[in-house]
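Report on the structure
Here is how the chains run, residue by residue.
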Amino acid sequence: MQFSSSLLENAVNEFSKLPGIGKKTALRLVLHLLKQDVGRVQMFSDAVTTLRQQIKYCQRCFNIADANTCSICASPLRKQRMICVVENIRDVIAIEATQQYSGTYHVLGGIISPLDGVGPDQLNIEALVHRLQQEQTEELIFALNPNIQGDTTIYYIQKKTQHLPVKVTTIARGIAFGGELEYADEMTLGRSISNRLPVERLVK
Amino acid sequence: MQLQQLSIVQFKNYIQQRFEFTERITGICGKNGIGKTNLLDAVYYLGFTKSYFTKTDAANTHHGATGFRIEGVFEKEANTHKVVCILRETGKKEFYYNEQAYDKMAQHIGRFPAVFIAPDDVHIITEGSEERRRFMDALFSQLDSHYLQQLMEYNKVLQQKNSYLKLLAERSVSDYSLLDVYDAQLVKTGSSVYEKRNAYLQQLLPLAGTFYQQIAGVDEGLELAYQTSLHQYPMQQLLQQNRDKDIAAQRTTQGIHRDDIGMSFSGEVFKTTASQGQRKSLLFALKLAEFEMLKITKGFAPLLLLDDVFEKLDASRMHNLLQWVCVQNNGQVLITDTHKERLQQHLAALQKPFQLIEL
């Protein structure tokens, strides 16, 4: 791509470094910004800069926060003795969107996968074990992706915390709501059959 | 089950050709490079949605062309079934069964099973244990889809564990609890794969032994056995006692990923002592055992595709083999050879109706 201005070129290059943004999309975004008032674009770049400079990670659960403790950890309405373990912040947002969970979170920052160079010590596992010891936690809920690495991570953390009097659970695996049995893959359907639910719990 | 018609377009060295298979036994002859093996491969394609030889579909198109089409009409249980495989110019593969397209190729595999025996397959005998594991895994996955799932899961965990062992060596960590976790995951899937291999090989190996003796005509003292360290110790114990060794070696030294089929001639290693003809006889024996197991589970005989079988076997072994393949077995057989007279002679000697296609 040829540019008449090196300023334009720089901006396009920076935008195209973002995930899912190619050169053409980057150019479209940059040209859009050029059409805006200087003030508006200033607001845009300020928002990005202050985000990066002032964002904090909650010291308790490693969620993103404005202060040293995130709004979920600080909320008195939340069950502080219930911890949901998730892989990353996107998972926190996904679970929050359900409005079904009223406990706190713990963001691992990844999943154990030595093939990708991630061992247990790169994740916030130490901190989780420490939390369980300090906070008299009653229940630990694993909400990790249902794959082999997810299972490995669950087993590992469970092993590290089995000496503590905590109830450990994991999100259910099975047929998606509104899905059709016919199209479910065999492994999922098979698991749903073997881990079937008593109907009274289904209705609740 | 019988393949009645086959038409191929732009597949390997064929531009467009149509074949009719009127008899249960078909001999195919022609000079080197005329397309005998490619014809068998086209038939294999219809059963397995892929080539027996090449990994990528695009490699199977006619030189200079893009895309191919293979169409076959099978007769099974008094019904005719039409199977069409199309590789589009875009590289997309489409597979139709009675005009219905499949979403997943895996749904088709097993409907029209075939066993291919090619001269190069002798590497199952001569090469390392990996080839024999691949042979048995390919067969057992066809018999039991759960087997493949367990095996794939085992391999994924094994990969993770091995790279963690490398990570451990770099960082000199002395906390082995993640290894315990991996071991537990390996035990779960590994034990189940072991049990299935054990059960299936107890069927497969005696069958192969019997076939070998039938082909050889005499008892040469061939012994086949499932070799695995899991015979001595359960998976859990095996991993436990190899822990230090594995950490030092930075990989998992024992487990089902090291299994083998042991082959020996009255105590001596088959690979090194057997002649070329004997190796080939054992290959046939293993493949025919595969054929028998498929036949037992499916309830009908798979297609048998024999490529260049006449090489390296003596006349009596050849006769014994053909006798079984064409007379005792009631499934469809396609045999290729370069010599028309030899093929004709052998097939005529069986006193069964046969068809000869000259390419």
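First, a word on what this report is: a plain description of the structure on this page.

Cut-offs used in this document
Residues numbered from 1 in each chain as written. Chains lettered and ligands numbered in written order. Predicted model: local features only at pLDDT ≥ 70, side-chain atom pairs only at ≥ 80, totals over all residues. Heavy atoms only, no water. Helix = DSSP H or I, 4+ residues; strand = E, 2+ residues; numbered from the N terminus. Rg over C-alpha atoms; globule rule 2.2 N^0.38 Å. Buried < 20%, exposed > 50% of the residue type's maximum accessible area, 1.4 Å probe, protein only. Contact = heavy atoms within 4.5 Å. Areas by Shrake-Rupley, 256 points an atom, 1.4 Å probe, with all protein chains shown as cover. Lys, Arg positive; Asp, Glu negative; His and termini not counted. Charge placed at Lys NZ, Arg CZ, Asp CG, Glu CD. Salt bridge = Lys/Arg side-chain N within 4 Å of Asp/Glu carboxyl O. Polar contact = N/O pair within 3.5 Å; in protein donor to acceptor, adjacent residues only side chain to side chain. Axes fitted to C-alpha atoms, helices over the stretch in contact; angles between N-to-C directions. Parallel < 35°, antiparallel > 145°, perpendicular 65-115°, else oblique. Left-handed = near helix turned anticlockwise from the far one by under 90°. Nonpolar A, V, L, I, M, F, W, Y, C, P; charged D, E, K, R; others polar.

Considerations on the overall build of chain B
If you tally the helices and strands in chain B, you get eleven helices and 14 strands. Relative to the compact-globule value of 21 Å for 359 residues, chain B shows a C-alpha radius of gyration of 23 Å, a close match. Over its C-alpha atoms, taken along the principal directions, chain B stretches across nearly 70 × 55 × 35 Å. Buried positions account for 53% of the 359 residues belonging to chain B. Partitioning the contacts of chain B with sequence separation of at least 6, the portion at a separation of at least 24 is 70%. Total accessible area computed for chain B in this model is approximately 16100 Å², and 47% of it derives from carbon and sulfur atoms. Here chain B holds 40 positive side-chain charges and 41 negative ones, and the gap between their average locations is 3 Å.

Structural notes on the interface of chain B and chain A
With 18 residues of chain B at the contact, the number on the chain A side is 19 residues. At the junction of chain B with chain A, the criterion picks out two salt bridges. Here Asp175 of chain B ties to Lys160 of chain A by a salt bridge, and the two come within 2.6 Å at their closest N and O atoms. The interface formed by chain B and chain A contains six residue pairs in polar contact (both at pLDDT 80 or more).

Observations concerning the packing of helix α5 (residues 177-216) of chain B against helix α9 (residues 276-298) of chain B
The description of two helices packed together rests on the angle between their axes and the distance between the axes. All names here are of chain B. Interaxial distance between α5 and α9 falls to 8 Å at its minimum, and their mutual angle equals 130 degrees. Classed by the angle they form, the pair α5 and α9 counts as oblique. Crossing of α5 over α9 shows right-handed handedness. On the side of α5, the interface is formed by Tyr200, Gln203, Leu204, Leu207, Ala208, Phe211, Tyr212 and Ile215, while α9 contributes Gln278, Ser281, Leu282, Phe284, Ala285, Leu286, Leu288, Ala289, Glu290, Glu292 and Met293. Classifying every residue of the contact of α5 with α9 gives 14 nonpolar, three polar and two charged.

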